[in-house]
Amino acid sequence: MTEMPHVRPWPENPEPLGLRALPRPVAVVVGAGGVLGAAHVGIGYALERRGFVPDMIIGTSVGALNGAIAAAHPEEAAPWLDHVWTRLRRREVYSLGHPSSRASVFTDRGLRRLISRARLPSRIEQLAVPFTAVAMDLTTGAPVLLDRGDLESALLASAAIPGMLPPVERDGRTLVDGGVVAYVPVLAALQAGAASVVVVAAGPESSPLRPVEPRPRAGAIAARAGLLLLHHQIERDLQEVSGHIPTVVLPTGIDTWPAPWDFRHSQRLISTACRTAGRFLDELRISGPGLYRVADPCTTSAGPCGPSTSSPVEAGL
């Protein structure tokens, strides 16, 4: 069990409050998801249009890359990310070539180019909003929180999908994708002193799961088992953190997700998540520590953000 920091008590009968009144410091936690990270951009639009700027950002894998850009350009990251994601193609991220070792199928040249075009500072400490990238120590399996030093290597480490992209050697450790151990790194936010958390996650593993009997094929069975593994990890961490502080999980409204290598659906993911998260935020009410999220994923089609009729669910209060 992770040792939790002291959190100030809430009054017994607080007045329900919305996003602007979340206790500070507020951490935005951006989860993993690869190509599904386009949905992060839609949620970013919803937050920026409501004037929200976090006190810290913590990201894993693609969430680290999106989160670092948000930390560098608060209040204006979503349009830039929209431009990148809607033009991104598989070969730009997963570059075939001649890796320097046999440790990965693809090189990290594509990711390095993306990072270099993002107008990011060279060091994490130079970002406008305090930022942490989460990676995993391949030797011990422990999460590694990268909140200072070289930014590029931190982002490459956090996104180094084992076997797919090369591990990163940093400070005497071999680091790989933080999503293996912290797919949605809410525990890191609590340990960093956050008094409330806004979770930006994407993918079916981050939503309530419906009972599904997979096809009797090896690939389908393995995919279902992997989905359940990630879902249980996410739920365990959310339940632990929400017992201490308000934990808001923003919905995407997406019920049909593309394949992990298919970048052609980014515009649909962005626009659907923008509208759905915005409607949720407009009705959000906070009344103390707990888990704030919708019970079921929204199934509305893609389009511009609009007014809301959906209601958040306050669980565990």
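Residues numbered from 1 in each chain as written. Predicted model: local features only at pLDDT ≥ 70, side-chain atom pairs only at ≥ 80, totals over all residues. Heavy atoms only, no water.

In this structure, what is going on with empty space enclosed by the protein? I would like to understand it.
A probe matching the size of a water molecule, rolled over the atoms, marks out where space remains unfilled. Within the structure shown, the criterion is met by five cavities of 30 Å³ or more. In this structure, the largest cavity encloses a volume near 300 Å³. Lining the largest cavity are 21 residues, and of these Val 28, Gly 44, Leu 47, Glu 48 and Ala 70 lie nearest its centre. Counting only elements with at least two residues in the lining of the largest cavity, the list comes to strand 1 (26–30), helix 1 (38–48), helix 2 (62–72) and helix 3 (77–85). (1 Å grid on protein atoms, 1.4 Å probe; cavity = no way out; pocket = protein on both sides within 12 Å on 5 of 7 lines; lining within 4 Å. Points joined across faces, edges and corners; volume = space filled by probe spheres on them. Helix = DSSP H or I, 4+ residues; strand = E, 2+ residues; numbered from the N terminus.)

Where do I start with helix 3 in this structure?
In an α-helix, one full turn covers 3.6 residues, which means residues spaced three or four apart are oriented alike. When helix 3 is considered as a whole, its buried residues turn out to be Ala 77, Ala 78, Leu 81, Asp 82, Val 84 and Trp 85. All buried residues of helix 3 fall inside an arc of 165° around its axis, so they share one side. (Buried < 20%, exposed > 50% of the residue type's maximum accessible area, 1.4 Å probe, protein only. Arc of directions from axis to C-beta.)

Even after reading the chapter, I still don't get the packing of helix 1 against helix 9 (residues 266–283), so can you show me in this structure?
When two helices pack together, their arrangement is given by the angle between their axes and by how far apart the axes lie. Where helix 1 contacts helix 9, the two axes come as close as 7 Å, and the packing angle between them is 40°. What the angle tells us is that helix 1 and helix 9 run oblique. In terms of crossing hand, the pair formed by helix 1 and helix 9 is right-handed. Residues Ala 38, Ala 39, Val 41, Gly 42, Ile 43, Tyr 45, Ala 46 and Leu 47 of helix 1 lie in contact with helix 9, whose contacting residues are Ser 266, Leu 269, Ile 270, Ala 273, Cys 274, Ala 277, Gly 278 and Leu 281. (Axes fitted to C-alpha atoms, helices over the stretch in contact; angles between N-to-C directions. Parallel < 35°, antiparallel > 145°, perpendicular 65-115°, else oblique. Left-handed = near helix turned anticlockwise from the far one by under 90°. Contact = heavy atoms within 4.5 Å.)

When you look at the pairing of strand 2 (residues 56–60) in this model, what are you seeing that I'm missing?
Side chains on a regular strand alternate between the two faces of the sheet. Of all the five residues making up strand 2, five are buried; the element is thus mostly covered by neighbouring parts of the structure. Judged by which residues are buried, strand 2 turns out to be covered on both faces: Met 56, Ile 58 and Thr 60 on one side and Ile 57 and Gly 59 on the other are all buried. Taking the sense of rotation as the criterion, the β-α-β connection linking strand 1, helix 1 and strand 2 turns out right-handed. (Right-handed = clockwise from strand over helix to strand, strands pointing away.)

Looking at this structure, how should I read the pairing of strand 8 (residues 246–249)?
The alternating pattern of strand 8 places Pro 246 and Val 248 on one face and Thr 247 and Val 249 on the opposite face, and all of these are buried. Strand direction decides the pairing type here: strand 7 (residues 196–200) and strand 8, joined by three bridges, are parallel. Bridging from a neighbouring strand, Val 199 pairs with Val 249 of strand 8. In this region the chain leaves strand 7, passes through helix 8 (residues 218–242) and returns to the parallel neighbour strand 8; the handedness of that crossover is right-handed. In this sheet, strand 9 (residues 290–293) lies alongside strand 8 in parallel orientation, the contact comprising three bridges. What sits directly across from Thr 247, in strand 9, is Leu 291. (Pairing = 2+ DSSP bridges.)

Which parts of the structure should I look at to understand the pattern of salt bridges?
Once the charged atoms of two side chains with opposite charge are near each other, the side chains can pair. Under the counting rule described, the total for this entry stands at ten salt bridges. Arg 112 is the partner of Glu 152 in a salt bridge, and the nearest nitrogen-oxygen pair spans 3.1 Å. In this pair, Glu 152 sits in helix 6 (residues 151–158) while Arg 112 sits in helix 5 (residues 109–116), placing the two residues 40 residues apart along the sequence. The salt bridge partner of Asp 171 is Arg 170, with a shortest N-O separation of 3.8 Å. By relative accessible area, which is 10% here, Arg 170 ends up buried. If you follow the salt bridges from partner to partner, you end up with Asp 108, Arg 112 and Glu 152 in one network. (Salt bridge = Lys/Arg side-chain N within 4 Å of Asp/Glu carboxyl O.)

Looking at this model, I keep getting lost on the nonpolar core. Mind explaining?
Soluble globular proteins: nonpolar side chains tend toward being buried together. Counting 73 residues, the largest nonpolar core has Trp 85, Leu 120, Phe 131, Leu 146 and Leu 155 as the members making the most contacts within it. Among the nonpolar cores identified, the runner-up in size contains 25 residues, and Ala 27, Val 134, Tyr 183 and Leu 291 belong to it. (Core = buried A, V, L, I, M, F, W, Y, C linked by side-chain atoms within 4.5 Å.)

Explain the confidence of the model for the chain here, please?
Note that predicted coordinates carrying low pLDDT should not be read in detail. Looking at the chain, the pLDDT average stands at 85 and 85% of residues meet or exceed 70. Low pLDDT, under 50, characterises residues 10–16; the predicted model gives this stretch ten contacts beyond four residues in sequence or across chains. Scored below 50 in pLDDT, residues 297–317 makes 60 contacts in the model with residues more than four places away or belonging to other chains. (pLDDT = per-residue confidence, 0-100.)

Mind showing me how you'd approach the packing of helix 1 against helix 3 here?
At a minimum axis distance of 9 Å, the contact between helix 1 and helix 3 shows a crossing angle of 155°. On the basis of the axis angle, helix 1 is roughly antiparallel to helix 3. When you trace helix 1 past helix 3, the crossing you get is left-handed. Touching Ala 38, Val 41, Gly 44, Tyr 45 and Glu 48 of helix 1 are Ala 77, Ala 78, Pro 79, Leu 81, Asp 82 and Trp 85, all from helix 3. Counted by class, the contact of helix 1 with helix 3 contains eight nonpolar, one polar and two charged residues. (Nonpolar A, V, L, I, M, F, W, Y, C, P; charged D, E, K, R; others polar.)

Just to check I follow, could you spell out the environment of Ile 69 for this structure?
Counting through the fold element by element, Ile 69 comes out in helix 2. Distance from Ile 69 to Val 129, taken between C-alpha atoms, is 10.0 Å for residues 60 residues apart in sequence.

So what exactly am I meant to see when it comes to helix 6 here?
Among the eight residues that make up helix 6, seven are buried, leaving the element largely enclosed by the rest of the structure. Looking at helix 6, one finds that the buried residues are Leu 151, Ser 153, Ala 154, Leu 155, Leu 156, Ala 157 and Ser 158. If you check the start of helix 6, you find a side-chain oxygen 2.8 Å away from the backbone N of Ser 153, and it comes from Asp 150. (Polar contact = N/O pair within 3.5 Å; in protein donor to acceptor, adjacent residues only side chain to side chain.)

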